[in-house]
Amino acid sequence: MSEPSATGPRTGEDGRARCPWGVSTPDYVEYHDTEWGRAVHGDDALFERICLEAFQSGLSWITILRRRETFRAAFRHFVIDEVAAFTDADRERLLGDPGIIRNRAKIDAAIANAAAAQQVRTTYDGGLDALVWSYAPDPAARPAPRTTADVPASTPESLALSKDLKKRGFRFVGPTTAYALMQACGLVNDHLEGCFAR
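Rules used in this analysis
Residues numbered from 1 in each chain as written. Predicted model: local features only at pLDDT ≥ 70, side-chain atom pairs only at ≥ 80, totals over all residues. Heavy atoms only, no water. Helix = DSSP H or I, 4+ residues; strand = E, 2+ residues; numbered from the N terminus. Rg over C-alpha atoms; globule rule 2.2 N^0.38 Å. Buried < 20%, exposed > 50% of the residue type's maximum accessible area, 1.4 Å probe, protein only. Contact = heavy atoms within 4.5 Å. Lys, Arg positive; Asp, Glu negative; His and termini not counted. Salt bridge = Lys/Arg side-chain N within 4 Å of Asp/Glu carboxyl O. Axes fitted to C-alpha atoms, helices over the stretch in contact; angles between N-to-C directions. Parallel < 35°, antiparallel > 145°, perpendicular 65-115°, else oblique. Left-handed = near helix turned anticlockwise from the far one by under 90°. Nonpolar A, V, L, I, M, F, W, Y, C, P; charged D, E, K, R; others polar.

Student: I tried to follow the overall build of the chain on my own but got confused; where do I start?
Tutor: Within the chain, the regular secondary structure consists of 10 helices and two strands. Ordered by position from the N terminus, the helices and strands of the chain form the series β-β-α-α-α-α-α-α-α-α-α-α. A compact globule built from 198 residues should have a C-alpha radius of gyration of about 16 Å, and the chain, at 17 Å, falls within 12% of that. Per-residue burial for the chain yields a buried fraction of 46% across its 198 residues. Considering only contacts in the chain between residues 6 or more positions apart, those separated by 24 or more positions represent 66%.

Student: Got a minute to help me understand the side chain of D129 in this structure?
Tutor: Relative to the helices and strands, D129 is located in helix α8 (residues 127-133). Summary of buried charges: D129 has no salt-bridge partner, and the nearest side chain of opposite charge, R121, is 12 Å away.

Student: Whenever I open this one, helix α1 (residues 26-34) confuses me. Can you help?
Tutor: Three or four residues apart is the spacing at which side chains of an α-helix point the same way, because the helix has 3.6 residues per turn. Among the residues of α1, those classed as buried are Y28, Y31, H32 and D33. Against the buried residues of α1 lie β2 (17-18), α2 (43-56), α3 (61-65), α4 (68-74) and α10 (175-184).

Student: Can you help me understand the packing of helix α6 (residues 88-95) against helix α7 (residues 104-123) in this one?
Tutor: Two packed helices can be described by the angle between their axes and the distance between those axes. Running from amino to carboxyl end, α6 crosses α7 at an angle of 135°, the nearest separation of the two axes being 10 Å. Regarding the angle of α6 to α7, the classification is oblique. Relative to α7, α6 is oriented so that their crossing is right-handed. The segment α6 lies against α7, with R91, E92, L94 and L95 engaging R104, I107, D108 and I111. Of the residues that constitute the contact of α6 with α7, the class distribution is four nonpolar, no polar and four charged.

This is the structure:
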């Protein structure tokens, strides 16, 4: 969620200082204030975030955020076992759904990722939740970013998470996407210094 030029916190209409992207639209204000950077746990919840981050690849997050409820309905609320059981008819249904991103590779990735997440449950103690959170860096080793220029696009931890997920059959989980997942799900705290949500 960084901008091309270094920007510090900005004050919103309510007088609260926020990360600059968090004041750009009402949708972002709500997302920034109540979700982004807060701990997300549970295999299905993390699977949803992995899928949505993959669908976001090459697009703006606001596009996904505004379609999230439609995505949830289309993908059976991202219940791993249900998505893993999707058939060719489900793929065609999704490709015809104007409320989501109708990209065949991303739809196929979501279904493949559900099967991969099922496999993680049988091979990794604690399932997908434990696997993803095992890559959370020590928060004491990370100074608070002062501007958007201090927020990286990827880190050694996101590279390692990406490699692990790919090895397990996940798709659309490159290091930048993995880092966006880590930011969104609270594995890292990239709210800027001075942001009220930090």
